[in-house]
Amino acid sequence: MSDDVTAGDVFGSAVERREDVPLLQGEATYTDDVSLAGMAHLAIRRSDHAHARIVDVDTSEAEAMDNVVAVFTGQDVEDSGVPNTIPTAWMLPGLITPQYRMLAVDKVRHEGDGIAAVVAETRHAARDALDKVHVEYERLPVVTDPVAAIEDDVPSIHDAAENNVAFDFEIGDGDAVDDAFAEATHTASVDLRQQRIIPNAMEPRAAVADWNDATEKLRLWMTSQNPHLHRMLLSAGTLGLPENNIQVIAPEVGGGFGSKIYHYPDEAVTAWCSMQLDRPVKWQATRSEAYQTDCHGRDHTTTAEIAIDDDENVLGVRVETHAGLGAQLSQFATATPSYLYATILSGEYDIPAIHCRVVGAFTNTTPVDAYRGAGRAEGIYVIERLMDVAARELGSDPVEFRRQNLIPSDAFPFETSVAVVYDSGEYERTMDTLLDHIDYEALRERQTNLRDEGRYIGIGIANFVESAGLSPSKVAGELGAQAGGWESSIVRFDSTGTVSVFAGTADQGQGHRTTYAQIVAEELGLSLDDIEVVEGDTDRIPQGLGTYGSRSASVGGGSIARGAREVREKARRIAAHHLEASVNDVEFENGEFHVTGAPDRAIHIKEVAHEAYLGHDLPEGMDPGLEVTNFYDPENFTFPFGTHAAVVEIAPDTGEIEIQRYVAVDDCGEIINPMIVEGQVHGGVAQGIGAALYEGAVYDDDGHLQTRRMDEYAVPHSTQLPDIETDSTTTPSPHNPLGVKGVGESATIAATPTLVSAVVDALEPFGVDHLDMPLTPETVWRAMGGGD
């Protein structure tokens, strides 16, 4: 067993990631590393304007350039007869779904909309030719704000969407909330803005398409979090090819954070160009192109209110949100601000009545979809800011006010007033673990003493709960999902005793090849070196729903665990046959079957695998081979939770924020690999800090993105991140075979309200009870009276 881990002790061990050596040594293959004979290169002419009619597209000058193979327009795509529609994957009642084409035909609706595709012999020739595609526009009015977009006098972005409203969603009991506010002795409210976030994966999106005209089969390498979804949408939505004639391959994918789940026009155009030219075509986004076209996250404007009684019990919460969707509906754009957002507004608290209304609006901006923590991050931000504002209104300690309203540990499973059932939790234990870690009372005393010296530190606390591993499929379908919540896997012994695991999820840095191998090693008593994990190829893996929403460990891992256990039970029957014993008398330990009470009568599972493939001497009626295909559809979501804290100090003369401490206590159920969990927490906190203090997409009045480069969009540097202290509690989930809950998004969800809470707490002497993100030094300085 590698890494000094013995068989039977691998689950829960900090095994080093198997993925890292080839990645660090440059031996890994990314999409842009794929090079095929005769390959041409694609560049996309994008709109210069946020909203305009296309009067004319003149491609003649570009077509005449050296090394240019072809130039195609949106009309060429339309005339080719392919379906040419990027589908919406989550329906809501009354949803408006305008056609979303691969290339624009009549209008452009956001800066960066694709208008024409240039294919050339080299990448540079293709990009040079973009300036020679001349587009004549008739400019139209622009709106970028989701509140302004639905006003009566604003022209429609899509003819079908009156007042630019895509949907008007409500959940909860409005009458009960009205009664709660009527009964309340205290109320508080907050208006808040959650700004647009631009994903910043290490690897920009890319695609290599290879159409074979003789076999009518398409191979497509791409940066995908969900190869099977991409295959399905290419078949049913954009290209119209039979699904079994499309192979989607996701090699190494350098980060996704949600942005590589969706079917974009770009990979469809790449494939379509390959089909027209019958030769391989490669497209690779530049960083600035990715900033314009990768689906953004968040973009919420919210008014939230809370009602409280004399005993400081929360009676009700009322939320109204305007969600910017961008110019088109991306696949899960409708789910993120509705069911993923509103259903988490109870947070960790027992709130008897909640009502939430969300208006989803089209704007002349890049489409919005799920970004790490999607919906859950926005919802927890709302309830945690409300809890802080309410505690300030009551004159109460924010920790004790939270404690007063926590869901007790004996109340699980707990049904919230917004339609979800939390699986398990010990919220107070986790919060107390954090408070002990930071010595909360001593921090408050230090804060008081420093204020007397003119120094301002702030202590921010945030509780969170998130819904992970969307399931079961029936419920997902009832809510509007056009896909299921299951996951599939194959666990296959080879005749020599090694095991191959084929998983329908898709790794982008999470460490699946390590954690999945740990699951199988634990179940089958094998060394990690005996196990290969395969993902990301639709021809090798029959079906799968990919990696997003913290589903890999609970749903993907659950499927693998179930498959491994079925393999083990078949092996037990073969072992019993060879040991001439009853199946009920055969025990399994550390990879070996033995007869109860007779440890010398034993056979190793590798020997059993050999016998299974020989097929010479198997139990009556048993087929040869030793493999299982498993489809696993959990009975419910899982609900990871935790408490995070930050201590910051504000420089009063500049508004600079120093993060002195950041502490995260998470409960993600059973932990497969604590080192990987810690890495996920560190990365999640970094992204949450980015949103809280630095990041934000900015458009001008004409809809031009002002933050289109890394020197304009403030991703935090490593030097701006604190040492992150981590701890954990363990509350197993009853809803999957491993008891895991997921951790991929938790820290991002927690970090933004934690940091904002800390900064606002530091500014209490200045009468500040809320500031909108990002909390730049100028924002803080002005809040302290700077410039007055």
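If you're wondering where the values come from, they're calculated on a predicted model, not measured in any experiment.

Asker: Help me understand the overall build of the protein in this model?
Answerer: The helix and strand tally for the protein stands at 20 helices and 28 strands. What you see for the protein is a C-alpha radius of gyration of 28 Å, in line with the 28 Å of a compact globule of 788 residues. Overall, the C-alpha framework of the protein stretches about 90 × 75 × 50 Å when taken along its three principal axes. For the protein, buried positions account for 62% of its 788 residues.

Asker: What is the right way to read the sheet that holds strand 3 (residues 68-73) from this model?
Answerer: Backbone-to-backbone hydrogen bonds join strands into a sheet, with any given pair of strands oriented parallel or antiparallel. Reading across the sheet, the 7 strands line up as 3-5-1-12-9-10-11 and stay open at both edges, with mixed pairing between neighbours. With partners counted over all chains shown, the strands left at the sheet margins are strand 3 and strand 11 (246-249), one partner each. This sheet shows a mean twist of 20° between the axes of neighbouring strands, independent of strand direction. Note: strand 3 against strand 5 (residues 114-120), 5 bridges, orientation antiparallel. When the sheet's bridge partners are listed, V68 is paired in strand 5 with A120. Sheet strands in contact with helix 4 (residues 123-130) are strand 1 (40-46), strand 3, strand 5 and strand 12 (281-284), and its direction is about 20° off that of strand 1. The strands that helix 6 (residues 227-239) touches are strand 10 (217-222) and strand 11; relative to strand 11, the one it contacts most, it runs at about 140°.

Asker: Looking at this model, I keep getting lost on the sheet that holds strand 15 (residues 353-362). Mind explaining?
Answerer: Taken together, the 5 strands give an open sheet; going across it, the order is 7-15-14-13-8, and neighbouring strands pair in mixed fashion. A single partner strand is all that each edge strand has here, and the edge strands are strand 7 (165-172) and strand 8 (186-197). Taken over all neighbouring pairs, the strand axes of this sheet differ in orientation by 10° on average, direction set aside. Of the pairings in the sheet, the one linking strand 7 to strand 15 comprises 7 bridges and is antiparallel in character. The residue bridging F167 from the neighbouring strand is G360, located in strand 15. Helix 10 (residues 376-394) rests against strand 8, strand 13 (297-308) and strand 14 (314-326) of the sheet, and its axis sits at about 145° to strand 8.

Asker: For this particular structure, what's the right way to read the packing of helix 18 (residues 674-694) against helix 19 (residues 746-762)?
Answerer: Axis angle and axis distance: for two packed helices, these are the angle between their axes and the distance between the axes, and together they describe the pair. Put simply, helix 18 and helix 19 touch, their axes get as near as 7 Å, and they point 40° apart. As summarised for this structure, helix 18 and helix 19 are arranged oblique, according to the angle between their axes. The handedness of the crossing between helix 18 and helix 19 is right-handed. Residue-level inspection shows V681, G684, V685, Q687, G688, I689, A691, A692 and L693 of helix 18 in contact with helix 19, the latter providing A747, T748, A751, T752, L755 and V756. For the contact of helix 18 with helix 19, the residue count by class is 10 nonpolar, 5 polar and no charged.

Asker: What exactly am I supposed to notice about the nonpolar core here?
Answerer: Soluble globular proteins: nonpolar side chains tend toward being buried together. I306, V317, Y422, V648, I650, L755 and V780 are the most contacted members of the largest nonpolar core, which totals 125 residues. Among the elements that make up this core, the one with the highest residue count is helix 10 (11 residues). Aside from chain neighbours lying at most four places away, what touches Y422 is I344, S346, G347, I407, F412, P413, F414, T416, Y427, V465 and F639. Judged by nonpolar contacts, the second largest core, of 44 residues, contains F493, L528, A571 and I574.

Asker: Help me understand the pattern of salt bridges, please; the structure alone is not making it clear to me.
Answerer: Pairing is possible between side chains of opposite charge, provided their charged atoms come close. Taken as a whole and judged by the stated rule, the model has 51 salt bridges. Close ionic contact of E523 with R568 constitutes a salt bridge, the shortest N to O distance being 2.9 Å. Placement of the pair is E523 in helix 15 (residues 512-524) and R568 in helix 16 (residues 552-579), with a sequence separation of 45 residues. R568 carries the same exposure label as E523, and that label is buried. Because the salt bridges share partners, they merge into one network encompassing R46, R205, D266, E289 and D294.

Asker: Would you take a moment to explain the environment of I671 for this structure?
Answerer: Residue position: I671 is located in the loop between strand 27 (657-667) and helix 18. Put simply, I671 and G742 are 71 residues apart on the chain and 8.8 Å apart in space, counted from C-alpha to C-alpha. Leave out the neighbours within four places in its chain, and I671 touches F11, G12, V677 and S728.

Asker: Could you clarify how one ought to interpret the packing of aromatic side chains in this entry?
Answerer: The geometry of two aromatic rings is summed up by the distance between their centres and the angle between their planes. For the structure shown, the criterion picks out 14 aromatic pairs. Residues F637 and F639 carry aromatic rings whose centres are separated by 5.8 Å and whose planes lie at 40° to one another, so their mutual orientation is tilted. As far as the burial class goes, F637 and F639 line up, both buried. Linked through ring pairs, F414, Y422, F637 and F639 together constitute an aromatic cluster. Above the face of the F181 ring, R318 is positioned so that its terminal group lies 4.3 Å from the ring centre. Of note, R551 hangs over the ring of Y548, and the distance from its end group to the ring centre comes to 5.4 Å.

Asker: So what exactly am I meant to see when it comes to the packing of helix 10 against helix 11 (residues 398-405) here?
Answerer: Look at helix 10 against helix 11: their axes get within 9 Å of each other, and the N-to-C directions meet at 115°. Taken as axis vectors, helix 10 and helix 11 run roughly perpendicular relative to one another. Seen along the crossing, helix 10 lies across helix 11 with a hand that is right-handed. Of helix 11, the residues touching helix 10 (which contributes E384, M387, D388, A390, A391 and L394) are P398, F401, R402 and N405. Looking at the contact of helix 10 with helix 11, its residues break down into 6 nonpolar, 1 polar and 3 charged.

Asker: Explain the pairing of strand 24 (residues 598-604) to me, please; I cannot follow it from the model alone.
Answerer: The side chains of a regular strand alternate, first on one face of the sheet and then on the other. Pairing of strand 23 (residues 592-595) with strand 24 involves 4 bridges; the strand directions are antiparallel. When the bridges of strand 24 are listed, F593 appears paired with I603. Taking the residues that link successive antiparallel strands as the turn, the strand 23-strand 24 hairpin has 2 residues, and the phi of G597 there is positive, at about 80°.

Asker: For this particular structure, what's the right way to read helix 17 (residues 605-614)?
Answerer: Along an α-helix, residues three or four apart share an orientation, since each turn contains 3.6 residues. Buried within helix 17 are the following residues: I605, V608, A609, E611 and A612. The arc enclosing the buried residues of helix 17, seen along the axis, measures out at 165°, which places them on a common side. Buried residues belonging to helix 17 abut strand 19 (487-493), helix 15, helix 16, strand 22 (586-589), strand 23 and strand 24. In the segment just after helix 17, G615 is the residue with positive phi, at about 70°.

Asker: Before we go on, may I ask you to explain the side chain of T59 in this structure?
Answerer: With respect to the helices and strands, the residue T59 is situated in the loop between strand 2 (52-58) and helix 2 (60-63). For T59, the residues in contact, after removing those within four places along its chain, are V71, T73 and V133.

Asker: Got a minute to help me understand unusual backbone geometry in this structure?
Answerer: Negative phi values dominate among residues other than glycine, just as trans dominates among peptide bonds. Note that the residue after F412, namely P413, is joined by a cis bond; omega there is -5°. Among the structural elements, P413 can be located in the loop between helix 11 and strand 16 (414-415). With a phi close to 70°, N67 is a non-glycine residue in the positive phi region. Looking at the secondary structure, you find N67 in the loop between helix 2 and strand 3.

Asker: I'm lost on a negative patch on the surface in this one. Help?
Answerer: On the surface, D56, D58, E63, D76, D79 and E136 cluster together into a negatively charged patch. Listed by contribution, the elements that provide at least two residues to the negative patch are strand 2 and helix 3 (74-79). Mapped onto the fold, D76 is located in helix 3. Its relative accessible area of 32% is what places D76 among the partly exposed residues.

Asker: What exactly am I supposed to notice about the pairing of strand 10 here?
Answerer: Note: strand 9 (residues 206-212) against strand 10, 6 bridges, orientation antiparallel. Bridging from a neighbouring strand, D210 pairs with R219 of strand 10. Linking two consecutive strands that pair antiparallel, namely strand 9 and strand 10, is a turn of 4 residues; a positive phi of about 55° is found at E216 within it. Bridge analysis of strand 10 against strand 11 gives 4 bridges, and the strand direction is parallel. Within the sheet, the bridge partner assigned to L220 lies in strand 11 and is V248.

About the thresholds
- Residues numbered from 1 in each chain as written.
- Predicted model: local features only at pLDDT ≥ 70, side-chain atom pairs only at ≥ 80, totals over all residues.
- Heavy atoms only, no water.
- Helix = DSSP H or I, 4+ residues; strand = E, 2+ residues; numbered from the N terminus.
- Rg over C-alpha atoms; globule rule 2.2 N^0.38 Å.
- Buried < 20%, exposed > 50% of the residue type's maximum accessible area, 1.4 Å probe, protein only.
- Pairing = 2+ DSSP bridges.
- Axes fitted to C-alpha atoms, helices over the stretch in contact; angles between N-to-C directions.
- Contact = heavy atoms within 4.5 Å.
- Parallel < 35°, antiparallel > 145°, perpendicular 65-115°, else oblique.
- Left-handed = near helix turned anticlockwise from the far one by under 90°.
- Nonpolar A, V, L, I, M, F, W, Y, C, P; charged D, E, K, R; others polar.
- Core = buried A, V, L, I, M, F, W, Y, C linked by side-chain atoms within 4.5 Å.
- Salt bridge = Lys/Arg side-chain N within 4 Å of Asp/Glu carboxyl O.
- Phe/Tyr/Trp six-rings, centres within 6.5 Å; stacked < 30°, edge-to-face > 60°.
- Lys NZ or Arg CZ within 6 Å of the ring centre and 35° of its normal.
- Arc of directions from axis to C-beta.
- Patch = residues over 30% accessible without salt bridge, like charges linked within 9 Å, V, L, I, M, F, W, Y side chains within 5 Å.
- Areas by Shrake-Rupley, 256 points an atom, 1.4 Å probe, with all protein chains shown as cover.
- Lys, Arg positive; Asp, Glu negative; His and termini not counted.
- Charge placed at Lys NZ, Arg CZ, Asp CG, Glu CD.

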